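Chains, contacts and geometry: an overview
Listed below are the residues making up each chain.
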Amino acid sequence: MHVHFALKADLCFSNELGPDARSAVDAAVKEANGRLFCKGVPRGVPPEEIGRITLWDVEENILFLEIESGGYTRAHDALFRFRKLIGSALGKHHLGLREIRVREFRVTLTGDVMESAIPRIPFIQSVKCDEGNVVLDLQVTTQDLENRVPDRIVKLIEEKVQAAGYGGKTEHWELLYESPKKERTYTGNPTDEMAARHWIRHGSSRGQWIYGPQPIQLFRAFTAIVEEEIIKPLGFSEMVFPKLDTWDVLSRSGHAKGVYPEIYYVCIPKTRDPAFWEDVADYFKVTGEVPVEMLRERIDGPIGALCYAQCPSFWPFVQGRTVANSSLPVKIFDRSGTSHRYESGGIHGIERVDEFHRIEIVWFGTVDQTTRMAEDLHGAYTRVFNELLELEWRCAKVTPWFMAQEGMVGACGCDAVGTTDYEAYLPYSDAWLEFQNVSVNGDKYPKGFNVKIQSGEECWSGCSGIGLERWTAAFLAQKGFDPAEWPEAVVQRVGTLNEVFRFL
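The rules behind the values
- Residues numbered from 1 in each chain as written.
- Predicted model: local features only at pLDDT ≥ 70, side-chain atom pairs only at ≥ 80, totals over all residues.
- Heavy atoms only, no water.
- Patch = residues over 30% accessible without salt bridge, like charges linked within 9 Å, V, L, I, M, F, W, Y side chains within 5 Å.
- Areas by Shrake-Rupley, 256 points an atom, 1.4 Å probe, with all protein chains shown as cover.
- Salt bridge = Lys/Arg side-chain N within 4 Å of Asp/Glu carboxyl O.
- Lys, Arg positive; Asp, Glu negative; His and termini not counted.
- Charge placed at Lys NZ, Arg CZ, Asp CG, Glu CD.
- Helix = DSSP H or I, 4+ residues; strand = E, 2+ residues; numbered from the N terminus.
- Buried < 20%, exposed > 50% of the residue type's maximum accessible area, 1.4 Å probe, protein only.
- Expected span 1.5 Å × (residues − 1).
- Arc of directions from axis to C-beta.
- Axes fitted to C-alpha atoms, helices over the stretch in contact; angles between N-to-C directions.
- Parallel < 35°, antiparallel > 145°, perpendicular 65-115°, else oblique.
- Contact = heavy atoms within 4.5 Å.
- Nonpolar A, V, L, I, M, F, W, Y, C, P; charged D, E, K, R; others polar.
- Phe/Tyr/Trp six-rings, centres within 6.5 Å; stacked < 30°, edge-to-face > 60°.
- Lys NZ or Arg CZ within 6 Å of the ring centre and 35° of its normal.
- Pairing = 2+ DSSP bridges.
- Core = buried A, V, L, I, M, F, W, Y, C linked by side-chain atoms within 4.5 Å.

Our next topic: a negative patch on the surface. On the surface, a cluster of negative charge is made up of Glu 16, Asp 57, Glu 59 and Glu 60. Secondary-structure assignment places Glu 59 in strand 2 (residues 52–59). For Glu 59, a relative accessible area of 60% gives the class exposed.

Right under this line is the structure:
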């Protein structure tokens, strides 16, 4: 995709530009087009790709400019380079630059750009398609140009075009390992049977379950296995991460690029003054209904989201700091609360829910330390799934879209960056359930949160989410509900199933 920028702007000076000032402008324009705009541009780049002033004029105290460019010294960058040059040149004539006003800013994209790739944002005033070109007229201020809004719009369109051709996870899935097939003695749907046995019941919110004692015994058994076989042997230390992700955290982690359809938003009251809320409370007392519309008027925000990915909220702990070599690799985990996702693909059973419980493992260090820890985790998971849980499972290397779009695949000349998905076979649906993952995220989080290491080497991180609902769904789908059919490692840790509730 080729890009062309065209900018019209007024430079407003403190007084009228007389003949001497006009001569200085002419000299400055020639200097800018002949030398200044070419600085830093590789040799061999065609002149039409480099920013240049194509027209200028003076009316009283206004210097009008038209600047065009391709991808080098883009028109808005050329404007700011020229600002410094002309400010110095006209300062000798006792003329000060007071303001820059953007009249027009046009971006022309040439290539295969589908309509769906054009974002619907206020900066884009109009969109025209003409003989293979997409022309965007932008409404931007000088501050927007300094914040590189046009560049970000172009990059966003490029990402949307690439995403459309990415093809989804199935085209970026490479089988690494598949366990031997297991004898299948149970083919029922574990969620349905747990509900029938009164082990679980739907909560009052979408995609939420209330878990009785029996599934919690399984949760705790799996947690014990994770502690004994993974967390302690590999030296992870427990922390507690916040369960509210503010916009700053989601922006630095990269989730703010597209998380909006999948998060539970968090708002705060405008005030805690009881008088401000008295009529709301009175309305409920009279009607027995919560007046949601009245509430909308009295809350601020949203200030962020309920925990979405669990690990991002850890990173402010080390944000802006340099970690000593003696602390590396840092190995931590969190299991302190629920995560929440508004599942756009629909909810199903206990394995696809909006509220779920995870043990989140996080580590970071040098590139070598980070990739070796991922390998150690893979070895530990392989032992747990084969020898302790005795599952039928497989794992595959996948490339999440966020990694592909950020150029993280193949970093450092290797394929280390990416995710390994672990999938368990579900006999009742003849399908595979992703129930575990290990991700090497490269420098995504250290860079986003400005974390450095003492040696000056590149800092990488990884994470691995252990979803207790999905472990339980996978285990029961294959092993059923008779503890006599369960592996000894699980039976020992579960003990006798605790029947607390009997219903009439």
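Resuming the write-up.
The end-to-end C-alpha separation of helix 1 (residues 19–34) is 23 Å, in line with the 22 Å expected for 16 residues at 1.5 Å each. Along helix 1, the positions that sit buried rather than exposed are Ala 21, Ala 24, Val 25, Ala 28, Val 29 and Ala 32. What you see down the axis of helix 1 is that its buried residues fit within an arc of 140°, all on one side. Turned more than 90 degrees from where helix 1 packs its buried face, Pro 19, Asp 20, Lys 30 and Gly 34 sit exposed.

Bringing the packing of helix 6 (residues 213–231) against helix 13 (residues 468–479) into the picture now. Direction vectors running N to C along helix 6 and helix 13 enclose 105°, while the axes themselves pass 10 Å from each other. Considering the angle they form, helix 6 stands roughly perpendicular to helix 13. In this structure, helix 6 uses Leu 218, Phe 219, Phe 222, Thr 223 and Val 226 to contact helix 13, whose residues at the interface are Leu 468, Glu 469, Trp 471, Thr 472, Phe 475 and Leu 476. Taken together, the residues that form the contact of helix 6 with helix 13 break down as 8 nonpolar, 2 polar and 1 charged.

Now for the environment of Phe 222. Relative to the helices and strands, Phe 222 is located in helix 6. Between the C-alpha atom of Phe 222 and that of Val 494, which follows or precedes it by 272 residues, the distance is 8.9 Å. Sequence-distant contacts of Phe 222, defined by excluding residues within four places in its chain, comprise Leu 389, Leu 468, Trp 471, Thr 472, Phe 475 and Val 490.

The tally for this structure, following the rule as stated, stands at 29 aromatic pairs. Aromatic side chains Phe 314 and Trp 315 sit 5.2 Å apart centroid to centroid with 65° between the ring planes, which places their arrangement in the edge-to-face category. Ring geometry for Phe 501 and Phe 503: centres 6.0 Å apart, planes at 10°, overall stacked. Residue placement shows Arg 298 over the ring face of Phe 276; its charged tip is 5.4 Å from the ring centre.

Counted under the stated rule, the structure contains 28 salt bridges. Taking the shortest distance from any N to any O, the salt bridge between Arg 335 and Glu 238 comes out at 3.0 Å. Placement of the pair is Arg 335 in the loop between strand 15 (330–334) and strand 16 (338–340) and Glu 238 in strand 10 (residues 237–238), with a sequence separation of 97 residues. Since its relative accessible area comes to 33%, Arg 335 is described here as partly exposed.

On to the sheet that holds strand 13 (residues 299–306). Strand order in the open sheet made by the 3 strands is 11-13-12, with antiparallel pairing throughout. Edge strands, defined here as strands with exactly one partner in the open sheet, are strand 11 (244–246) and strand 12 (265–269). Across the sheet, the mean angle from the axis of one strand to that of its neighbour is 50°, orientation sign disregarded. Alignment of strand 11 against strand 13, held across 3 bridges, turns out to be antiparallel. Directly across from Asp 245, in strand 13, lies its bridge partner Ala 305.

Attention shifts here to the pairing of strand 1 (residues 2–13). As defined by bridge partners, strand 1 adjoins strand 4 (residues 97–110) across 12 bridges and the pair is classed as antiparallel. Counterpart to Cys 12 in the pairing with strand 4 is Glu 99. Across 8 bridges, strand 1 lies against strand 3 (residues 62–69) in antiparallel orientation. Counterpart to Leu 7 in the pairing with strand 3 is Ile 67.

All right, on to the nonpolar core then. Counting residues in hydrophobic clusters, the biggest one holds 58 residues, and the most contacted among them are Tyr 381, Phe 385 and Trp 471. Those residues in contact with Phe 385 that lie beyond four places of it in its chain are Glu 390, Leu 391, Trp 393, Tyr 422, Phe 435, Gln 436 and Trp 471. Listed in part, the 48 residues of the second largest apolar core include Val 3, Ala 9, Val 45 and Ala 117.

Here we take up unusual backbone geometry. Across the junction of Gly 301 and Pro 302, the peptide omega takes the value 5°, indicating a cis bond. Inspection of the secondary structure assignment puts Pro 302 in strand 13. Geometrically, the link from Leu 328 to Pro 329 is a cis peptide bond, its omega value of -5° lying close to zero. Along the chain, Pro 329 turns up in the loop between strand 14 (322–323) and strand 15.

Let us look at the sheet that holds strand 4. Sheet strands associate in pairs through backbone hydrogen bonding, adopting either a parallel or an antiparallel arrangement. With antiparallel pairing, 6 strands are arranged side by side in an open sheet as 2-3-1-4-6-5. Each edge of the open sheet is held by one strand with a lone partner, namely strand 2 and strand 5 (124–130). The sheet shows a mean angle of 15° between the axes of neighbouring strands, taken without regard to direction. Set on the sheet, helix 1 makes contact with strand 2 and strand 3; between it and strand 2 the angle comes to about 170°.

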